[in-house]
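Each chain, letter by letter, is given below.
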Amino acid sequence: MSSGSQPIKITFRPGFTVARSLRSLEKALEEIQARELRLALVPTMGYLHEGHLSLVDVARQHADVVALSIFVNPLQFGEGEDLDRYPRDMERDVKLAMERGVGLVFAPPREEMYPGGEPVVTVDPGSLATRLCGQYRPGHFHGVVTVVAKLFGLLRPQVAVFGRKDYQQAVLIRRMVQDLNLPVEIQVGPLVREPDGLAMSSRNAYLSAQERAQAVGLHQALKAADAAFRQGEGRPEQLLDRARAVLDAHPLLRPQYLELVDPETLEPLEEAREGSVLAVAAHCGSTRLIDNLILGAARSEGGEG
Ligand code: PAF
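Below, the structure is looked at part by part.

What counts as what
- Residues numbered from 1 in each chain as written.
- Predicted model: local features only at pLDDT ≥ 70, side-chain atom pairs only at ≥ 80, totals over all residues.
- Heavy atoms only, no water.
- Axes fitted to C-alpha atoms, helices over the stretch in contact; angles between N-to-C directions.
- Helix = DSSP H or I, 4+ residues; strand = E, 2+ residues; numbered from the N terminus.
- Parallel < 35°, antiparallel > 145°, perpendicular 65-115°, else oblique.
- Left-handed = near helix turned anticlockwise from the far one by under 90°.
- Contact = heavy atoms within 4.5 Å.
- Pairing = 2+ DSSP bridges.
- Buried < 20%, exposed > 50% of the residue type's maximum accessible area, 1.4 Å probe, protein only.
- Lys, Arg positive; Asp, Glu negative; His and termini not counted.
- Salt bridge = Lys/Arg side-chain N within 4 Å of Asp/Glu carboxyl O.
- Near = heavy atom within 4 Å.
- Polar contact = N/O pair within 3.5 Å; in protein donor to acceptor, adjacent residues only side chain to side chain.
- Areas by Shrake-Rupley, 256 points an atom, 1.4 Å probe, with all protein chains shown as cover.
- Nonpolar A, V, L, I, M, F, W, Y, C, P; charged D, E, K, R; others polar.
- Phe/Tyr/Trp six-rings, centres within 6.5 Å; stacked < 30°, edge-to-face > 60°.
- Core = buried A, V, L, I, M, F, W, Y, C linked by side-chain atoms within 4.5 Å.

### Concerning the packing of helix α5 (residues 140-155) against helix α6 (residues 167-179)
Right, so step 1: The interhelical angle for the contact between α5 and α6, taken along N-to-C directions, is 50°, at an axis separation of 10 Å. For the element pair α5 / α6, the angle class is oblique. With respect to the hand of their crossing, α5 and α6 are arranged in right-handed fashion. Contact with α5, carried on its side by Phe141, Val144, Val145, Val148, Ala149 and Phe152, involves Gln168, Gln169, Leu172, Ile173, Met176 and Val177 of α6 and no other residues of that element.

### Re the sheet that holds strand β4 (residues 104-106)
Backbone hydrogen bonds are what pair the strands of a sheet, in a parallel or an antiparallel way.
Right, so step 1: In space, the six strands of this open sheet follow the order β1-β4-β3-β2-β5-β6, with parallel pairing throughout. Of all strands in the sheet, those with a lone pairing partner are β1 (17-19) and β6 (185-189), marking the two edges. With direction set aside, neighbouring strand axes in the sheet form an average angle of 25°.
Right, so step 2: In this structure, strand β5 (residues 159-163) lies alongside β6, joined through five bridges in parallel fashion. The partner of valine 159 across the bridge, within β6, is glutamate 185.
Right, so step 3: Strand contacts of helix α3 (residues 90-99): β1, β3 (65-70) and β4, with the helix running at about 165° to β3, the strand carrying the most contacts.
Right, so step 4: Along the sheet face, α6 touches β5 and β6 and points at about 170° away from the line of β6.

### Section: the side chain of arginine 288
Right, so step 1: Counting through the fold element by element, arginine 288 comes out in strand β9 (residues 287-294).
Right, so step 2: Glutamate 81 provides the closest opposite charge to the buried, salt-bridge-free arginine 288, at an N-O distance of 6.2 Å.
Right, so step 3: The residues touching arginine 288, leaving out its near neighbours within four places in the chain, are Cys133, Tyr136, Arg137, Arg203, Gln256, Tyr257, Ala281, Ala282 and His283.

### Topic: the site of the ligand
Right, so step 1: Taken together, Pro43, Thr44, Met45, Asn73, Gln76, Val144, Val147, Val148, Phe162, Asp166 and Gln169 make up all the residues around the ligand.
Right, so step 2: Between glutamine 76 and the ligand, the recorded distance is 2.6 Å, taken from a side-chain N or O atom to an oxygen atom.
Right, so step 3: Taking glutamine 169, its side chain carries an N or O atom lying 2.7 Å from an oxygen atom of the ligand.
Right, so step 4: If the ligand stood free it would expose 290 Å²; the protein chains cover 90% of that surface.
Right, so step 5: For the shell around the ligand, the elements supplying multiple residues, two or more each, are β2 (39-44) and α5.
Right, so step 6: For the shell around the ligand, the element with the highest residue contribution is α5, accounting for three residues.
Right, so step 7: A per-class count over the shell around the ligand returns six nonpolar, four polar and one charged.

### Here's the deal with the packing of aromatic side chains
Right, so step 1: A complete count under the given rule lists four aromatic pairs for this structure.
Right, so step 2: Ring geometry for phenylalanine 71 versus tyrosine 114: centroids 5.9 Å apart, planes at 55°, classification tilted. Residue phenylalanine 71 is found in the loop between β3 and α3, and its partner tyrosine 114 is found in the loop between α4 (110-113) and α5; the two are separated by 43 residues along the sequence. Across the pair, tyrosine 114 and phenylalanine 71 agree in class, each one buried.
Right, so step 3: Taken together, a centroid distance of 5.9 Å and an interplanar angle of 80° make the contact between phenylalanine 77 and tyrosine 86 edge-to-face.

### A closer look at the nonpolar core
Nonpolar side chains in soluble globular proteins generally cluster together in the buried interior.
Right, so step 1: Counting residues in hydrophobic clusters, the biggest one holds 48 residues, and the most contacted among them are Leu104, Phe152 and Leu155.
Right, so step 2: The biggest single contributor to this core is α5, with nine residues.
Right, so step 3: Here leucine 104 is in contact with Thr17, Ala19, Leu25, Ala28, Leu29, Ile32, Val66, Ala67, Leu68 and Leu155, once residues within four sequence places are set aside.
Right, so step 4: With 26 residues, the next largest nonpolar core counts Leu239, Leu247, Leu253 and Leu260 among its residues.

### Quick notes on the environment of glutamate 267
Right, so step 1: Tracing the sequence through the fold places glutamate 267 in the loop between β7 (253-261) and β8 (277-284).
Right, so step 2: It is 7.5 Å that separates the C-alpha atoms of glutamate 267 and arginine 131, two residues lying 136 residues apart in sequence.
Right, so step 3: If sequence neighbours within four positions are ignored, glutamate 267 has contacts with Arg131, Leu260, Val261 and Asp262.

### Considering unusual backbone geometry
Right, so step 1: Notably, leucine 132 is not glycine yet its phi reads approximately 40°, a positive angle.
Right, so step 2: Mapping leucine 132 onto the fold places it in the loop between α4 and α5.
Right, so step 3: Of note, leucine 266 is a non-glycine position whose phi angle comes to about 65°, a positive value.
Right, so step 4: Here leucine 266 lies in the loop between β7 and β8.
Right, so step 5: For leucine 266, a relative accessible area of 0% translates into the label buried.

Structure, rendered in C-alpha cells:
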C-alpha cells in the first residue's frame, strides 16, 4: 500500500495525466478546455474495484475525457470511524484507471484540498441527510456534499457519475445540483456485485474470511423481500420481516437499519411500489456495510446490479 504523497511508479500512456496539485490540475484542464472536450468526473476515495471502474464506463459514454478523483475526504469521516485505516493503493489505482480509459487522475494530498484546515463555508445537505445512514453518521453527508461541490468547482465537469450503491449520496448530490443550479449533469451508475451477490465496496477488504461469508446475507435479505414483493406482498412490515429473517440467520451481521423508502424523499413508505428502495446498513464484525435494492426492478433495466 502506498501513502498519498509517495511517487507513483508506472509507465504512462500518452495523453494520460496524474495531477496531484491544483496547479497541475489547472494545466490539464486548460488543454481539455482548449480542445473543447466534454469532461466527465468520477469522484472516488480510491482503492478502486469493478464498481468504480464501471462508473468510468458510464462516464465514457457521456464525455470525451474522463477524470477520476482519488481523495479520502476527512470531512466525511466521524469520530472513531475508519479515516486512518481506509485502504489506499495509489499506484494500483492509477494503473487501473489508466487501463480503463481515464484521461486524468486528480489525486491531491489533503493540504491541497484544505490548505487552511477545515473549510469555513460548507454545503448544508439539509433534511435528506438525516435519513438512513445520516441517522448513524452525523456530519457524514455534510462532508460528502461539501467535497463534491469543491470537486465540481475545481474540475468544472459537464457530467459527474456516482454509484447506486451509495443510494442516499446519489440522491443528495442530485438534489444539491438541482437546488444550487450547479452546471453539471449527474449520472448514476449500476450497483456492481461480487459473484455471490455482495455489493462491491473498498471496505470489503476489511472482512475476515468468516465475515466475508456472512456479509452476503445483506443482499440475500434484500432479495427475499423483493421476491415477496414480486409475489404480490405490498405491506412494508411484511417485506421487512422477510428481510429480517434472513439477516437474523447471519449472526455476524448486526443491522443498523433496514427500511423501505421513497426513492426521492427517502421517507418510509406505507405501501411498497415498484421502484421503492429497500436500504440496509449493518456491521459485519467491525466493518460497516450498506446495500440497497430497487423493488421490482429488472436486471436488464440496470435497476438491480
Ligand atoms: O462515494 C465516495 O467514494 C465518496 O463519498 C465521494 C463521492 C468520492 C466523496 O468523497
